[in-house]
Amino acid sequence: MKKITFTLLSIATMALLTGCGDKPKSDIVTYKYTPAEVYTATCAHCHGDKGEGMPSKKGPAIDKKTIPELEMDLFDIKNGGVGQSTATEHDVMEHNMKKLKEKGYEYDVKAMANYIYNTFNRAK
Amino acid sequence: MKSNKIIEEVLNEIEKHEGVMSRRDAMKFLAASPLAASVIAGTVASTPAHASSSAKGKIVIVGGGLAGVATAAKLTHKLSNPDITIIEPNTKSVSYQPGQTLIAGGVWQKSDIEYETEKFIPKGVTWIKESVVSFDPKNNKLKTSGGQEISYDYLVVATGLALDFAAIKGLEGVITSYGPNEVVRQKVGKNGVYSMYFADGAVDTYKGIQELIAKAKEHKGTEKLQALFTDPATPIKCGGAPKKIMYLMHDRLVKAGVRDKVELLFCPSGDKMFGVPEYHTAILEQFKQRDFKWEYKTNLVAIDTDKKVATFEKKWLEKGEFDEDLKEYTMISMSKEVEKKYDFIHITPPQKAPDVVGKSPLGSSKGWVPVVQETLQHVSFKNIFALGDVAAVPMGKTGGSARKQYNVVADNLVAIMEKQSQLPSKFDGYTVCPLITSIGTVMLAEFNWTAKPTPSFPLDPTQERWIWWLLKVYALKPMTVYGMLSGRA
């Protein structure tokens, strides 16, 4: 049973040490299109040229959202929910996004949120 | 000397729960271990001996849970003249919520997670034992339940969230993990309906497991007893918990020799086991090995506790017309209600920001406090920060996230106080889910907003391991209670 204590001390130590100064281990990703190119080629069809929304296409307005709101929504869409087994709030758009991704229209959430905000919200 | 305290507490835990070795033996290991020395070096190095900032200003922290108290402690270390007030009505607000799964599984008692807030409020910090009833961020003021009007220069919102049982038709009550819960307990915690999302509910849940085992032992016939496990359509605390209780139930049924009498069915609102593909795949395999059943996009909306019938909203997509613009078929969101009989149901309640925050100028359309996700600064009010369960950030409503966030908030708040133009500290979405897969094994799922595994240890993170069980059961609580609440780890 001494093994238990030793193991515990080891993991407690590792956890304490890694608690300070760890780095995000994200990979560097490159994208085929800029957020502006993705927006014009795809999003604009349903969210409008100015993000004003298109009821006929069931695309909601996105020109009044803040950057964090946009980030949360885009995260939800691309990840299919913001938790582990929690439903996405955008089930149709989650499906559409998978299709867009297959066609190369992938984007960074932060970059896209900034593009939408700076182009359609702040400009007003 | 906090690190000594942590090691001391780890030893206490071993002694209390297993009696596996004597304190003297354990101390010998400590003395001989170079690891112990590095623990002490590690924690001391991360804590400056002297406060680094002489910035002044009145800081009010709303909420005295893990996030609020840890932030207060860290700020106390960083500021030479701290002026900090915590507003928190609950005298046991720092209790260790991650332990509730272990209570429900019959591994811990309620007393194992109960901690008196009083003992953890940092020296010099004022504690107002009231709740906030309204916020006036434009005038830097708020009002408390005792009628006090309190002004501040800087505000930290760390209220935690509310468990919204009332959102399920047939149930009543909006409660917290450790607050009053009589209304909810009229129907939850008896007759096959359980929820470990609050501490008393966790105690009841273990009784519920025992009841189901007794029922299973008497059960005749070919039809199995039904045990359902729900996962709602809102962000939740500890995304793993709705599944952990299933693994614990499975383990208890196996040990009692009645696993074949009971069907275990997971009914999540979403369409996957985990947002990180590697962990999703691993969990799916674990489910198959244990003969768990699951139905995706099946969200609990109503329950009839007399008839023992739960109603779920089942959603799916149907192919619509071809869209010439998109060169794709449009999809139509469909839904219908389905009823399921149960002998046992574990409810993970829908969760929301407390209305007093969510519906105030600090909140948002969804309630959660809108913050810049990396800096945790409020979107509209630059002297306000939010962290913990109430903040609008994706994925992590866990102690593991709060453990990263409080450092970010303390660093950035001090920078604002010093009138710095740049906020120095950034949160990357780190969170951790020690997914209990049996009594004796845990899969330590660590990840961040990249939705990729971010293991702290050089081991395959998709494996269930005994050492992570040890970490969960013996080490994380002392690390949290004595490391994090003192603002040091």
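Residue numbers here run from 1 along each chain, matching the order of that chain's written sequence. Throughout, the order in which chains and ligands are written sets their labels, letters from A for the former and numbers from 1 for the latter. Thresholds applied to this predicted model are a pLDDT of at least 70 for local features of residues and 80 or more for the giving and counting of side-chain atom pairs; totals over whole chains, interfaces and linings are not thresholded and use all residues. Only hydrogens and water are set aside; all other atoms, that is, all heavy atoms of the structure, feed into the side-chain values.

(A) Broad picture of the confidence of the model for chain B. The quantity known as pLDDT measures the predictor's confidence residue by residue, on a range of 0 to 100. Summing up the model confidence of chain B, the mean pLDDT is 91 and the portion of residues at 70 or higher is 91%. The contact rule is simple, with two residues in contact once any of their heavy atoms fall within 4.5 Å. Contacts for the low-pLDDT stretch residues 29-49 of chain B, under 50 throughout, to residues beyond four places or in other chains number 24 contacts.

(B) Layout of the pattern of salt bridges. The term salt bridge refers to a pairing of a side-chain nitrogen on Lys or Arg with a carboxyl oxygen on Asp or Glu at a separation within 4 Å. Tallied over the full model, the rule gives 30 salt bridges over all chains. We note a salt bridge from lysine 366 of chain B to aspartate 73 of chain A, for which the minimum N-O separation is 3.3 Å. You can see lysine 366 of chain B sitting in the loop between helix H10 (355-358) and strand S19 (384-386) and its partner aspartate 73 of chain A sitting in helix H3 (residues 67-79), one on each of two chains. Glutamate 149 of chain B is paired through a salt bridge with lysine 141 of chain B; the nearest N and O atoms lie 3.7 Å apart. Counting from the N terminus, the helices are DSSP H or I runs at least four residues long and the strands are E runs at least two residues long.

(C) Seen up close, the side chain of arginine 252 of chain B. All names here are of chain B. Secondary-structure assignment places arginine 252 in helix H8 (residues 241-256). Three labels apply to residues, based on accessible area from a 1.4 Å probe with only protein chains included: buried if under 20% of the type maximum, exposed if over 50%, partly exposed otherwise in between. Within this scheme the basic residues Lys and Arg register as positive and the acidic residues Asp and Glu register as negative, but His and the chain ends are omitted. No salt bridge is formed by the buried arginine 252. Its closest oppositely charged neighbour is aspartate 251, at 6.9 Å. Those residues in contact with arginine 252 that lie beyond four places of it in its chain are Gly105, Gly106, Val107, Tyr206, Ile209, Ile213 and Ile439.

(D) Geometry of helix H4 (residues 91-102) of chain A. The span expected for a helix works out to 1.5 Å for each residue beyond the first. A rise of 1.5 Å per residue sets the reference length of H4 of chain A, with its twelve residues, at 16 Å; its end C-alpha atoms lie 17 Å apart and thus fit the reference within 8%. Within the sequence span of H4 of chain A, burial applies to Asp91, Glu94, His95, Met97 and Leu100 of chain A. Packed against the buried residues of H4 of chain A are helix H2 (35-47) and H3 of chain A together with strand S15 (309-323) and strand S16 (328-341) of chain B. Positive backbone phi, approximately 95°, marks glycine 104 of chain A, located one or two places after H4 of chain A.

(E) Inspection of unusual backbone geometry at higher detail. Residues and elements named next belong to chain B. Positive phi values are uncommon outside glycine, yet leucine 376 reaches one of about 65°. Along the chain, the position of leucine 376 falls in the loop between H10 and S19. In this structure leucine 376 comes out as buried when scored by relative accessible area, which is 0%. Here lysine 419, not a glycine, exhibits a phi torsion of approximately 65°, which is positive. Structurally, the position occupied by lysine 419 is in the loop between helix H11 (399-417) and strand S20 (431-438).

(F) Summary view of the packing of H8 of chain B against helix H9 (residues 277-289) of chain B. All names here are of chain B. In this description, a line fitted to the C-alpha atoms serves as the axis of each element, helices being fitted only across the stretch in contact, and the angle between N-to-C directions of two axes falls anywhere from 0 to 180 degrees. The N-to-C vectors of H8 and H9 enclose an angle of 30°; their axes lie 12 Å apart at closest approach. As judged from the angle between their axes, H8 and H9 are roughly parallel. As H8 runs across H9, the sense of the crossing is left-handed. Contacts between H8 and H9 pair Lys243, Met246 and Tyr247 from the former with Ile283, Gln286 and Phe287 from the latter. For the contact of H8 with H9, the class distribution of residues is four nonpolar, one polar and one charged. Should an angle fall under 35 degrees it is called roughly parallel, over 145 degrees roughly antiparallel, and 65 to 115 degrees roughly perpendicular, with every other angle called oblique. Handedness of a crossing follows from how the near helix is turned relative to the far one, being left-handed for an anticlockwise turn of less than a right angle and right-handed for a clockwise one. Polarity classes work like this: nonpolar for Ala, Val, Leu, Ile, Met, Phe, Trp, Tyr, Cys and Pro, charged for Asp, Glu, Lys and Arg, and polar for all others, with Gly in that last group.

(G) Helix H4 (residues 66-78) of chain B, seen in detail. Residue and element names in this part refer to chain B. Taking 1.5 Å of rise per residue, 13 residues should cover 18 Å, and H4 covers 18 Å from first to last C-alpha, within 8% of that figure. Most of H4 sits out of view: twelve of its 13 residues are buried. Residues Leu66, Ala67, Gly68, Val69, Ala70, Thr71, Ala72, Ala73, Lys74, Leu75, His77 and Lys78 constitute the buried set of H4. Packed against the buried residues of H4 are strand S1 (58-62), strand S2 (83-87), strand S7 (154-157), H11 and helix H12 (466-484).

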